[in-house]
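# Chains, contacts and geometry: an overview
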Amino acid sequence: MKSQKNEFPNPVLAAGRDDYIAACQFGTVFDPEKIVVTSDDIIIPISYSLVCNGLQQLIDDNKALAVIGIKSSSSSYSRLFIFPKEETAMELHIPKFKVVKRIELTGSIIATAAMNDFKCEGEFNDLYFSSSTFEIRKGDVLAKEDTRIIYVDDTELEKPIASIFNINRTPSQEDDVMPDFSGDKIEINLKEELYNLYFNFKDFNNGSLRRYITSVIVYPVLVEAISKICEFYREDLDDGSDDKRWFRAIEGKAQKLGISFNTYQDSTTLLANKLLGDIALDALKSFKDTLDSEINNGETQMLGGVD
Amino acid sequence: MLLGYFTEDAYEKLIHDIDRNEAKYAGDDDWLDEYFGFSHDYFRQSKTVDVNAFSPHYSKGDKDDALKTSEDLINTRMMYDAFRSLTPLQASNKYMWSYLCHAVPEYRNYIRDRWMSAARSNTIKTRYFVTGGSSLLNDNALSRLWWYGYLTYDESNSNHYALTEILFTNQTICTDVMDTLNRMNFNRIKGVLLAIKDFKDILDDNEGITEYFRECKKYLNHYAAVTTFDFLDAEEIRGLAFDYMVKLREQKESKTHKK
């Protein structure tokens, strides 16, 4: 996630902003491998580094604090963790039953009280601020980093790849099939007649044709989804699609096959077929089996051949 | 009682078949077992999530907004008292709330009475199902009550539901207060609700609060874009919100006098 380009009323030390001289930096670091989940908490060891004499002095004088904001909007959880004054490392203990799906983690330096003459001598960008001073309110952001996301419940990603698709009836649309990749799941919108056929075939003969109809409806959409992921990496896009569940599920399944989309050059059709468990062959086999059993059960009379 | 929840397949099937099942939602009969072919594998019973019984309180038939609001307050208190052992993680489970709305006869009756007499095209989907974050907090007939309770329950007050009572000033305030930025932070929601109460006390009887509060919400959102609200306490946020609404009112009055 990229940083929001808020219009701050004061200089803010942050990547992508040039409010400070280039030598000044702020950021936090954690190692995803060192995150521990206990029976109650998600524990994240984290540290920060600050290169800025002015802001460091404010921390030393108790006029500023280094903090980590943790948010999980699905459960309305928000909490501020404060680094102890003399330390640049701490453990975040996040109650795991209070967060849902994902947590957003943002490090920042904030003011502990109002200040009338905030300045960082020689460290503000001269071009904009020269020797200006600023009025600061309690809690105002003085330095910040890009928000990072940690997914706390990826159990759904372990489900079969078909679980990332929703098949919907949308009578109002003009085309028979219209995929929508904008949500967490891929919505495959079908016009009334096609939807009804899909649902009838889905449950036909205890689901014996399910693989076949998956190959007709889901397979081509998965090919398109994979193409979008390849494009995301190839074009270095920043449209947030990598945050969506379908994107992460496909990426995760591909990784298990040893495939990285950063370097993937092969056919998207080939990969979609693999992810769906050799759907092309399986679908036609199941279709043939169903056809054979229908013919052999004595209820079907062959009236003519096929081309 | 132990809670149940739909399987993902059952949930998807029901949501796809809303139009087809419209008459079933309007009727009294238990229809789920038959609909799922008497297989009983369309739901699961939780082995661990144990809650107390909750029976919705409501007067039958048409209700005006004021009565709906007062019943919402009563039901929020009762629901949250009964289901307080739920964690936010459990209370975010769309399959659970959707199951309760479909499977428990007294919940079905409550939903039918409250919403189905003036049903719109999406009433069944919004009230019987949870489809997303906003639906969980504002729309589903039962989950909204739990989340209203959870987000306004004040451990530090002898009347734990004092903030909930302010939240239910009216339906509009309730929805406006529950927007994403307010509900993310208990101090913020507490400060905002206390400011609403303070401000309401100085308003004339015929003066509405909604217009002032909506402007105040914008102001707080701008403020929070550059300030860490999690670092402010409820009293500080109360002061910010109250002072802003008072200033707005003074500006409005001075414009009126000039005319």
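Residues numbered from 1 in each chain as written. Chains lettered and ligands numbered in written order. Predicted model: local features only at pLDDT ≥ 70, side-chain atom pairs only at ≥ 80, totals over all residues. Heavy atoms only, no water.

### Quick notes on the overall build of chain B
Going by this rule: Each helix is a run of DSSP H or I of at least 4 residues and each strand a run of E of at least 2, with the numbering of both proceeding from the N terminus. Type-normalised accessible area, obtained with a 1.4 Å probe on protein chains alone, sets the label of each residue: buried when under 20%, exposed when over 50%, and partly exposed for intermediate values. Note on definitions: a residue-residue contact is assigned when non-hydrogen atoms from the two residues lie within 4.5 Å. The accessible surface values rely on the Shrake-Rupley method and a 1.4 Å probe; as for residues, cover is taken only from the protein chains in view. For this count, His and the chain ends are skipped, Lys and Arg are scored as positive, and Asp and Glu as negative. In plain terms, the charge of a residue is placed at NZ if it is Lys, CZ if Arg, CG if Asp and CD if Glu.
Each helix and strand counted, chain B has 15 helices and two strands in total. With the C-alpha coordinates of chain B rotated into their principal frame, the extents come out at 70 × 40 × 35 Å. Burial analysis of chain B (259 residues in total) assigns 53% to the buried set. Counting only contacts in chain B whose residues sit at least 6 apart along the sequence, the fraction spanning at least 24 positions is 69%. By element, 48% of the accessible surface of chain B is carried by carbon and sulfur atoms, the whole surface being about 12300 Å². Across chain B, the 33 positively charged side chains and the 41 negatively charged ones have centroids separated by 3 Å.

### Section: the overall build of chain A
Broken down by element type, chain A carries six helices and 14 strands. Over its C-alpha atoms, taken along the principal directions, chain A stretches across nearly 95 × 45 × 35 Å. Relative to its 307 residues, chain A shows a buried fraction of 44%. Charge separation in chain A, taken as the distance between the mean sites of 34 positive and 51 negative side-chain charges, equals 4 Å.

### Description of the packing of helix α4 (residues 65–82) of chain B against helix α9 (residues 143–152) of chain B
All names here are of chain B. Using the following cut-off: Between N-to-C directions, angles span 0 to 180 degrees; the directions come from axes that are lines fitted to C-alpha atoms, helices contributing only their stretch in contact. Small angles under 35 degrees read as roughly parallel and large ones over 145 as roughly antiparallel, with 65 to 115 read as roughly perpendicular and the rest as oblique.
Between α4 and α9, the shortest axis-to-axis distance is 8 Å and the interhelical angle comes to 80 degrees. Comparing the axis directions of α4 and α9 gives the class roughly perpendicular. In this structure, α4 uses Asp72, Asn75, Thr76, Met79 and Tyr80 to contact α9, whose residues at the interface are Arg144, Leu145, Trp146, Tyr148, Gly149 and Tyr150.

### Remarks on the interface of chain A and chain B
Going by this rule: Values labelled buried area give the accessible surface lost by two parts on being combined, using a 1.4 Å probe and summing over both. By definition here, a salt bridge exists when the distance from a side-chain nitrogen of Lys or Arg to a carboxyl oxygen of Asp or Glu is within 4 Å. Any pair of nitrogen or oxygen atoms within 3.5 Å is treated as a polar contact; in protein, a donor-acceptor pairing is required on top of that, and neighbouring residues in sequence qualify only through side-chain atoms on both sides. Under the convention adopted here, Pro, Cys and the residues Ala, Val, Leu, Ile, Met, Phe, Trp and Tyr are nonpolar, Asp, Glu, Lys and Arg are charged, and Gly plus all remaining residues are polar.
At the junction of the two partners, chain A supplies 40 residues and chain B supplies 25 residues. With both chains or domains summed, chain A and chain B bury close to 2600 Å², and 51% of this area falls on carbon and sulfur atoms. Summed over the three residues of chain A that lose the most area to chain B, namely Ser76, Phe97 and Lys138 of chain A, the buried surface amounts to 22% of that side. Between chain A and chain B we count four salt bridges in total. Note that Lys185 of chain A is salt-bridged to Glu8 of chain B, the shortest N-O span being 2.9 Å. There are 13 residue pairs in polar contact (both at pLDDT 80 or more) connecting chain A and chain B. Breaking the side of chain A that touches chain B down by element, the ones donating at least two residues are β4 (64–72), β5 (77–82), β7 (102–111), β12 (165–169) and α2 (192–203) of chain A. Counting residues per element, the side of chain A that touches chain B draws most heavily on β5 of chain A, at five residues. Among the residues forming the side of chain A that touches chain B, the class breakdown is 15 nonpolar, 13 polar and 12 charged.

### A closer look at the domain arrangement of chain B
Residues and elements named next belong to chain B. Put simply, the test is: Throughout, the edges of the domains are those of an automatic or database domain assignment.
When its domains are assigned, chain B resolves into domain 1 (1–155) and domain 2 (169–259). Centre-to-centre, using C-alpha coordinates, domain 1 lies 31 Å away from domain 2. When domain 1 packs against domain 2, the two sides together hide about 930 Å² of surface, and 62% of this comes from carbon and sulfur. On inspection of domain 1 and its partner domain 2, the count reaches one salt bridge. Ionic pairing is found between Lys190 and Asp154, a salt bridge with its closest N-O pair at 3.2 Å. Between domain 1 and domain 2 we count three residue pairs in polar contact (both at pLDDT 80 or more) in total. Only α4, α8 (133–139) and α9 provide two or more residues apiece to the side of domain 1 that touches domain 2. Its residues assigned to classes, the side of domain 1 that touches domain 2 comprises four nonpolar, three polar and six charged.

### A few points about the nonpolar core
As a reminder of what qualifies: Only buried residues count toward a nonpolar core, which is a set of Ala, Val, Leu, Ile, Met, Phe, Trp, Tyr and Cys residues joined through side-chain atoms within 4.5 Å.
Membership of the largest hydrophobic core comes to 83 residues, with the highest contact counts inside it found for Phe83, Leu86, Trp97, Leu100 and Trp146 of chain B. Residues from two domains meet in this core; each of domain 1 (1–155) and domain 2 (169–259) of chain B gives at least three. Here Trp146 of chain B is in contact with Met79, Tyr80, Phe83, Leu86, Thr87, Pro88, Ala91 and Trp97 of chain B, once residues within four sequence places are set aside. By size, the runner-up hydrophobic cluster in this structure holds 39 residues, among which are Leu50, Ile59, Ala64 and Tyr77 of chain A.

### Quick word on the side chain of Ser215 of chain A
As for its position among the elements, Ser215 of chain A is in helix α3 (residues 210–234). In this structure Ser215 of chain A touches Pro220, Ile279 and Ala283 of chain A, once residues within four positions along its chain are discounted.

### Thoughts on the confidence of the model for chain B
Note that predicted coordinates carrying low pLDDT should not be read in detail. Counted only if it meets this: pLDDT: the predictor's confidence for each residue, scored from 0 to 100.
Residues with a pLDDT of 70 or more make up 99% of chain B, whose mean pLDDT is 92. With a pTM of 0.79, the predicted complex shows an ipTM of 0.89.

### Looking at the packing of helix α1 (residues 8–16) of chain B against helix α5 (residues 94–103) of chain B
Between two packed helices, both the angle of their axes relative to each other and the distance between the axes serve to describe the pair. Residue and element names in this part refer to chain B. This is how it is decided: Whether a crossing is left-handed or right-handed is set by the direction in which the near helix is turned from the far one by less than a right angle, anticlockwise for left-handed and clockwise for right-handed.
α5 packs onto α1 with a crossing angle of 60 degrees between their chain directions and a minimal axis gap of 11 Å. Classified by the interaxial angle, the pair formed by α1 and α5 is oblique. Between α1 and α5 lies a crossing of left-handed hand. Residues Glu8, Tyr11 and Leu14 of α1 form the contact with α5, whose own contacting residues are Lys94, Tyr95, Ser98 and His102. Among the residues forming the contact of α1 with α5, the class breakdown is three nonpolar, two polar and two charged.

### Some words on the pattern of salt bridges
All names here are of chain B. This structure, assessed with the given rule, holds 31 salt bridges over all chains. Notably, a salt bridge pairs Arg108 with Asp30, separated by 2.6 Å at the nearest N-O pair. Linking Arg108 in helix α6 (residues 105–115) with Asp30 in the loop between α2 (22–26) and α3 (32–35), this pair joins segments that are 78 residues apart in sequence. On the basis of relative accessible area, Arg108 is assigned to the buried category, the value being 6%. Judged by its relative accessible area of 58%, Asp30 is exposed. Because the salt bridges share partners, they merge into one network encompassing Asp204, Glu207, Arg249 and Glu253.

### Some thoughts on the sheet that holds strand β13 (residues 177–180) of chain A
Residue and element names in this part refer to chain A. Selection rule: Strand pairing requires that DSSP identify at least two bridges connecting the strands.
One open sheet holds the three strands; their spatial order is β12-β14-β13, and the pairing between them is mixed. Because the sheet does not close on itself, it has two edges, and the strands there are β12 and β13. Strand-to-strand twist across the sheet, computed as the mean angle between neighbouring axes with direction ignored, equals 20 degrees. Across five bridges, β12 lies against strand β14 (residues 186–190) in parallel orientation. Paired with Arg169 across the bridge in β14 is Leu190. Contacts from α2 reach β12, β13 and β14, with the element oriented near 125 degrees to β12.

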